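# A closer look at the structure
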Amino acid sequence: MSSPDFDKLPPEYQRLLSIAKEKHHLEVTPLQALSGGRTGAFLYLVSASIGDFRRVEHLIVKFDRINQKAKPTEVERHRMALSQAPARFANQNMAKLAYEVEYEGTIALFYTIAGQSLQHFRTLASEERQSRLE
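Figured I'd write up the structure that's included with this text. Computed from a predicted structure; not experimentally measured. Sequence order as written defines residue numbering, which begins from 1 separately in each chain. Reporting of local features is limited, given that this is a predicted model, to residues whose pLDDT is at least 70; pairs of side-chain atoms are given and counted only at 80 or more, and all residues count toward the totals for whole chains, interfaces and linings. Side-chain figures throughout are based on the complete set of non-hydrogen atoms in the structure, without hydrogens or water.

## Concerning the packing of aromatic side chains
Stacked, edge-to-face and tilted labels apply to pairs of Phe, Tyr and Trp rings (six-membered ring for Trp) whose centres lie within 6.5 Å, assigned for plane angles under 30 degrees, over 60, and everything in between, in that order. Within this structure, the stated rule accounts for six aromatic pairs. Ring plane angle 70 degrees and centroid distance 5.6 Å describe the contact between tyrosine 13 and phenylalanine 42, whose orientation is recorded as edge-to-face. Taken together, the positions of tyrosine 13 in helix α1 (residues 11-24) and phenylalanine 42 in strand β2 (residues 42-50) put the pair 29 residues apart, joining distant regions of the chain. For the ring pair tyrosine 44 and phenylalanine 63, a centre distance of 6.2 Å and an interplane angle of 75 degrees mean the geometry is edge-to-face. Of this pair, tyrosine 44 sits in strand β2 while phenylalanine 63 sits in strand β3 (residues 55-65), and the two are 19 residues apart along the sequence. Residue burial is assigned from relative accessible area. The probe radius is 1.4 Å, only protein chains are included, and a residue is buried under 20% of its type maximum, exposed over 50%, and partly exposed in between. We classify phenylalanine 63 as buried; its relative accessible area is 0%. One aromatic cluster in this structure is built from Phe6, Tyr13, Phe42, Tyr44 and Phe63. Numbering of helices and strands starts at the N terminus; helices are DSSP runs of H or I of at least 4 residues and strands are runs of E of at least 2.

## Topic: the environment of arginine 77
Mapped onto the fold, arginine 77 is located in helix α2 (residues 74-84). Here arginine 77 is in contact with Ala70 and Pro72, once residues within four sequence places are set aside. As used in this structure description, the phrase polar contact means that two N or O atoms lie within 3.5 Å; if the pair is within protein, one of them must be able to donate a hydrogen and the other to accept it, and residues adjacent in sequence are counted only when both atoms belong to side chains. A distance of 2.7 Å separates a polar atom in the side chain of arginine 77 from the backbone oxygen of proline 72. Whether two residues touch is decided by their heavy atoms; if any such pair falls within 4.5 Å, the residues are in contact.

## Here's the deal with the side chain of serine 47
Relative to the helices and strands, serine 47 resides in strand β2. Classification of serine 47 as buried rests on a relative accessible area of 16%. Beyond its immediate chain neighbours, meaning those up to four positions away, serine 47 contacts Glu27, Val28, Thr29, Leu31, Val56, Glu57 and His58.

What follows is the structure, given as structure tokens:
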């Protein structure tokens, strides 16, 4: 299996990566393409080298178009879900928003990996009893 390539992303999403590099000092390397969302978003597991000390983290990045009609926004919904979840559950099962970059109607959201485990990461939707979580 070949590694994913950001060069195949639309130019506006490639611009988001440049802005993330300028604004947050992120060097982002795609490791694995993940299934896209309902909106046609591009999702990747990435390795990110951060700052001058080149600390490396693994993150999930979502490239998407901003839906001006959606209220609350995805970021607001995510923060609300984190604030309403029991702290222990949130720490073990919910990603945190690490970085957010916007450019001309597009957005890149960089999330931590829930539980900080590359072996066991999964979407919250894959959780058993999803309806109870909602």
